[in-house]
Amino acid sequence: MGKRSPKAIRTALKSLPTGSEAYDCAYKEAMERIKGQIADFQEAAKQILSWITCAKRSLITLELRHALAVKAGESDLDEDNLPEIEDMISVCAGLVTVNEESGIIRLIHYITQEYFERTQKDWFPRGQTDIATTCVTYLSFNIFKTGFCQTDEELEARLRNNPLYNYAARNWGYHARAASTAVE
């Protein structure tokens, strides 16, 4: 940009990074755009990217919306905290997309996932800890005080009404362990 002649453009193109270095450069620039947002948007983007990067499996948008709405120390989910999908995508500077068929929210490319997995300690140093805390907080909500479900119908209703329940119940221990080994 700003080059005024074909020669200047060719010279600039020769100095551009190539291969995986080019991808790393592009993702760093995207993260700089995220850092340039207002604090709430910046924090939301980092939480979303951290969940997508660190989650044990792909999440559908409703699961991630619930995860982002959980506040440590709360005993219930405040549905007014559920972020809108469009906002979740918008704050992430083009790094995430939603598969319309499956509803899965994911990074735009598998190379993006590889980049964030490789640089996780730089961008999301508390990622595993935060996810473990969210899962345990969610599982500790008052709505689950009744204990385990007595019937299949009860379980189906619990899963339907509490989208993060299945993920949190199955994976909180994984994230707690990953958080404890990340500290070592």
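The following paragraphs examine the structure supplied in this document.

## A short note on the overall build of the protein
Inference 1: Within the protein one finds ten helices and three strands.
Inference 2: Scored against the burial criterion, the 184 residues of the protein give a buried share of 35%.
Inference 3: Put simply, of all contacts in the protein between residues at least 6 apart along the chain, 64% involve residues at least 24 apart.

## Description of the packing of helix 3 (residues 39-54) against helix 4 (residues 61-69)
Inference 1: As a packed pair, helix 3 and helix 4 sit with axes 11 Å apart at the nearest point and diverge in direction by 125°. Here helix 3 is positioned oblique relative to helix 4, judged by the angle of their axes. In this structure, helix 3 crosses over helix 4, and the sense of that crossing is right-handed. Residue-level inspection shows Q47, I48, W51 and I52 of helix 3 in contact with helix 4, the latter providing L64, A67 and L68.

## Quick word on helix 8 (residues 127-139)
Inference 1: For helix 8, which comprises 13 residues, the first-to-last C-alpha distance of 18 Å matches the rise-based estimate of 18 Å (1.5 Å per residue) to within 8%.
Inference 2: What helix 8 keeps buried is the set G127, Q128, I131, A132, T134, C135, T137 and Y138.

## A look at the pattern of salt bridges
Should the charged atoms of two oppositely charged side chains come close, the side chains can pair.
Inference 1: Evaluation of the coordinates by the stated rule reveals four salt bridges.
Inference 2: Close ionic contact of D24 with R118 constitutes a salt bridge, the shortest N to O distance being 3.0 Å. Here the residue D24 occupies a position in helix 2 (residues 19-35), and R118 occupies one in helix 6 (residues 110-118), the gap between them amounting to 94 residues.
Inference 3: Judged by its relative accessible area of 18%, D24 is buried.
Inference 4: Notably, a salt bridge pairs K35 with E32, separated by 3.7 Å at the nearest N-O pair. Highlighted residues: K35 and E32, both in helix 2, separated by three residues, approximately one helical turn.
Inference 5: Classification of E32 by relative accessible area gives partly exposed; the value is 45%.

## Here's the deal with the environment of W172
Inference 1: Counting through the fold element by element, W172 comes out in helix 10 (residues 165-183).
Inference 2: In this structure the C-alpha to C-alpha distance between W172 and Y138, which are 34 residues apart in sequence, comes to 10.0 Å.
Inference 3: Discounting residues that sit within four places of it in the chain, W172 has contacts with A132, C135, V136, L139 and Y167.

## Remarks on the nonpolar core
Inference 1: Formed by 38 residues in total, the largest nonpolar core has its most connected members in I48, L49, W51, L64, L95, F116 and Y138.
Inference 2: Residue contributions to this core peak at six residues, all from helix 3.
Inference 3: Aside from chain neighbours lying at most four places away, what touches W51 is L59, L64, A67, L68, I131, T134, C135 and Y167.

Definitions and limits used
- Residues numbered from 1 in each chain as written.
- Predicted model: local features only at pLDDT ≥ 70, side-chain atom pairs only at ≥ 80, totals over all residues.
- Heavy atoms only, no water.
- Helix = DSSP H or I, 4+ residues; strand = E, 2+ residues; numbered from the N terminus.
- Buried < 20%, exposed > 50% of the residue type's maximum accessible area, 1.4 Å probe, protein only.
- Contact = heavy atoms within 4.5 Å.
- Axes fitted to C-alpha atoms, helices over the stretch in contact; angles between N-to-C directions.
- Parallel < 35°, antiparallel > 145°, perpendicular 65-115°, else oblique.
- Left-handed = near helix turned anticlockwise from the far one by under 90°.
- Expected span 1.5 Å × (residues − 1).
- Salt bridge = Lys/Arg side-chain N within 4 Å of Asp/Glu carboxyl O.
- Core = buried A, V, L, I, M, F, W, Y, C linked by side-chain atoms within 4.5 Å.

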